[in-house]
Amino acid sequence: MPSLFSSYRLGGLTLPNRTVMAPMSRVRAAVGGLATPSMAAYYAQRATAGLIVTEGVQPSQVGQSNPGTPGLHTDEQTDSWRQVTDAVHTNGGRLFAQIMHGGRVSHHETTGLQPVGPSAVPGEGSVFTPSGPRPMPVPRALATDEVPEQVMSYAHAARRAVDAGFDGVELHGANGYLISQFLSSNANLREDRYGGSIAGRIRFAVEAAAATVEAVGAARTGIRLSPGGGIWGVVEDDAAELNTALLTELARLDLAYVHLEGTTDEETLIRLRETWPGALVVSPTLPGGAQQTGRAEADHWLDLGADLIAFGRAFLANPDLVERLRSGLPLAPADENTFYQGGDAGYLTYPAYQHTA
């Protein structure tokens, strides 16, 4: 069994260990979706991770889900990210940008635009807006000839990411956002080539990945999926079959990795591991789950065939997580009250472990 602390070759990168800092929304971007010096410090503090994946970054105005999130669709946004990539690389780290199109998980108060989705079916729950939580509105169903523009938004953002110094990108195909909506059996009611059968519902994800590979190369392209996740009301009635078909098609693209969340049963995840021939990242716990992934969960999934293990809350609260795991030191808990409040408290203020005499 590989060790969590053994090196791993991922695309064109050599990772010094098999820990991945999972993408986590922190809504600390400046007006205009700009990255900030505090964001540079936050990611640089965690550069001992084998790989860092950033918070979700919108690839277009209509793709923005929440206020306060960063973008990669203007020159100013692209320029602002260079301070982040420079800081992480100076500290010896490696950094992928997660490209996240919210689709129907958005609101016109945030973007000035009606959200779009595969069908005119609203998500479940409330979305953050500048004036507080609001029920998700009914999205505008994309016409068939409009879908390629949304596909290409991932590729355009990926080009900007590489220009800004990122080592690669992760397409957010999970957690009920746009790619996940197309995969869904209840958010996607289309009867054209992007809906209906499994082959139709996986088409958007495959095209987005293929366009991104063409833009920046397969070695710089990963994708995150949440099989059967049910987040924001998205349902996959046929999660095992759907995701098996999707991974079979994605395998033709030779992506840098697939990142699976622990949103379905272990048997299905093992089946998907057997389907996917390339590097596999596993996030053992549910998104937003209170449990912090620790050494035991990591070793369990390495034993089951994962190549890399993603840690969310544990990396948020422990900038020196790799050393704590290596030395068996206790992990600090994450303060949920500071997740999205803005400012540096609960963002830059988690200390490294203090050894007492």
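Residues numbered from 1 in each chain as written. Predicted model: local features only at pLDDT ≥ 70, side-chain atom pairs only at ≥ 80, totals over all residues. Heavy atoms only, no water.

Novice: Tell me about the overall build of the protein chain, and name the residues and values.
Specialist: Within the protein chain, the regular secondary structure consists of 12 helices and 14 strands. Expressed as lengths along the three principal axes of its C-alpha atoms, the size of the protein chain is roughly 65 × 45 × 35 Å. In the protein chain, buried positions account for 58% of the 357 residues. Sequence-distant contacts in the protein chain: of pairs separated by 6 or more residues, those separated by 24 or more amount to 71%. Accessible surface computed for the protein chain: about 13,200 Å², of which carbon and sulfur atoms make up 51%. Once the 25 positive and 37 negative side-chain charges of the protein chain are each reduced to a mean point, those two points are 3 Å apart. (Helix = DSSP H or I, 4+ residues; strand = E, 2+ residues; numbered from the N terminus. Buried < 20%, exposed > 50% of the residue type's maximum accessible area, 1.4 Å probe, protein only. Contact = heavy atoms within 4.5 Å. Areas by Shrake-Rupley, 256 points an atom, 1.4 Å probe, with all protein chains shown as cover. Lys, Arg positive; Asp, Glu negative; His and termini not counted. Charge placed at Lys NZ, Arg CZ, Asp CG, Glu CD.)

Novice: Quick one: what's the story with the nonpolar core, residue by residue and with numbers?
Specialist: Among the nonpolar cores identified, the biggest contains 86 residues, and Trp81, Leu171, Phe204, Leu250 and Phe311 are the most heavily contacted of them. Ranked by residues supplied to this core, first place goes to helix 7 (residues 203-216) with 9 residues. Those residues in contact with tryptophan 81 that lie beyond four places of it in its chain are Ala35, Met39, Thr54, Val57, Pro70, Gly71, Leu72, Ala164 and Phe166. Within the second largest apolar cluster, 15 residues are counted, among which are Tyr8, Leu13, Leu51 and Ala279. (Core = buried A, V, L, I, M, F, W, Y, C linked by side-chain atoms within 4.5 Å.)

Novice: An account of the packing of aromatic side chains is needed here, citing residue identities and associated values.
Specialist: Within this structure, the stated rule accounts for 10 aromatic pairs. Summarising the aromatic geometry, the rings of phenylalanine 182 and tyrosine 194 are spaced 6.3 Å apart at their centres and angled 70° between planes, so their arrangement reads as edge-to-face. Note that phenylalanine 182 is positioned in helix 5 (residues 178-183) and tyrosine 194 in the loop between helix 5 and helix 6 (198-201), a separation of 12 residues in sequence. Taking the relative accessible area as the measure of exposure, tyrosine 194 reaches 3% and is therefore buried. Relative to phenylalanine 204, the ring of phenylalanine 182 lies with its centre 4.2 Å away and its plane at 5°, an arrangement referred to as stacked. (Phe/Tyr/Trp six-rings, centres within 6.5 Å; stacked < 30°, edge-to-face > 60°.)

Novice: I'd like a description of the pattern of salt bridges, backed by residues and values.
Specialist: Under the definition given, this model contains 15 salt bridges. A salt bridge links arginine 252 to glutamate 249; the shortest N-O distance between them is 3.3 Å. (Salt bridge = Lys/Arg side-chain N within 4 Å of Asp/Glu carboxyl O.)

Novice: Requested: an account of the side chain of arginine 324, with residues and values cited.
Specialist: You can see arginine 324 is positioned in helix 12 (residues 321-327). In terms of polar contacts, arginine 324 uses its side chain to reach the side chain of asparagine 318, at 3.1 Å. Of note is the side chain of arginine 324, whose polar atom sits 3.0 Å from the backbone oxygen of proline 330. (Polar contact = N/O pair within 3.5 Å; in protein donor to acceptor, adjacent residues only side chain to side chain.)

Novice: Run through the packing of helix 4 (residues 147-163) against helix 7, naming residues and quoting values.
Specialist: Angle between the axes and distance between the axes are the two parameters that describe a pair of packed helices. Contact pair helix 4 / helix 7: the axes reach a minimum separation of 8 Å and the direction vectors enclose 35°. Along this stretch, helix 4 crosses helix 7, giving a crossing that reads as right-handed. Residues Val147, Gln150, Val151, Met152, Tyr154, Ala155, Ala158, Arg159 and Val162 of helix 4 form the contact with helix 7, whose own contacting residues are Phe204, Glu207, Ala208, Ala211, Thr212, Ala215 and Val216. Each residue belonging to the contact of helix 4 with helix 7 can be placed in one class, and the counts come to 12 nonpolar, 2 polar and 2 charged. (Axes fitted to C-alpha atoms, helices over the stretch in contact; angles between N-to-C directions. Left-handed = near helix turned anticlockwise from the far one by under 90°. Nonpolar A, V, L, I, M, F, W, Y, C, P; charged D, E, K, R; others polar.)

Novice: Account for unusual backbone geometry, naming residues and giving values.
Specialist: A positive phi angle, near 40°, is found at valine 27, a position not held by glycine. Position of valine 27 among the secondary structure elements: in the loop between strand 3 (19-21) and helix 1 (37-45). For valine 27, a relative accessible area of 18% corresponds to the buried category. Residue tryptophan 232 is not a glycine yet carries a positive backbone phi of 55°. Structurally, tryptophan 232 is set in the loop between strand 11 (221-225) and helix 8 (239-251). Looking at tryptophan 232, the relative accessible area reads 25%, which means it is partly exposed.

Novice: Before we move on, can you summarise the sheet that holds strand 3 with the specific residues and values?
Specialist: Read once around its circumference, the closed barrel built from 8 strands follows the order 3-4-5-10-11-12-13-14, with strand pairing classed as parallel. Each strand of the sheet is rotated relative to its neighbour by a mean of 25°, with strand direction disregarded. Sheet analysis places strand 3 next to strand 14 (residues 308-311), joined by 3 bridges and oriented parallel. Pairing of valine 20 across the sheet is with alanine 310, part of strand 14. (Pairing = 2+ DSSP bridges.)

Novice: Before we move on, can you summarise the pairing of strand 14 with the specific residues and values?
Specialist: The two faces of strand 14 match: Leu308 and Ala310 on one face and Ile309 and Phe311 on the other face are all buried. Where strand 13 (residues 280-283) meets strand 14, 2 bridges bridge the pair, whose relative direction is parallel. Paired with valine 281 across the bridge in strand 14 is leucine 308.

Novice: Provide a residue-level description of the environment of tyrosine 257, including the pertinent values.
Specialist: As for its placement among the helices and strands, tyrosine 257 is situated in strand 12 (residues 257-261). Under the relative-accessibility criterion, tyrosine 257 is labelled buried at 1%. C-alpha separation for the pair tyrosine 257 and alanine 219, spaced 38 residues apart in sequence, amounts to 8.5 Å. Residues contacting tyrosine 257, with those up to four places away along its chain left out, are Leu10, Leu51, Val53, Phe96, Glu170, Thr221, Gly222, Ile223, Trp276, Ala279 and Val281.

Novice: Give me helix 7: which residues, what numbers.
Specialist: Under the 1.5 Å per step criterion, the end-to-end length of helix 7 is 20 Å for 14 residues, consistent within 8% with the ideal 20 Å. Across the 14 residues of helix 7, 10 count as buried, placing the element largely inside the fold. What helix 7 keeps buried is the set Phe204, Ala205, Val206, Ala208, Ala209, Ala211, Thr212, Val213, Ala215 and Val216. In this structure, the buried residues of helix 7 make contact with helix 4, strand 10 (168-172), helix 5, helix 6, strand 11 and helix 8. Among the residues trailing helix 7, glycine 217 stands out with phi positive, at a value near 100°. (Expected span 1.5 Å × (residues − 1).)

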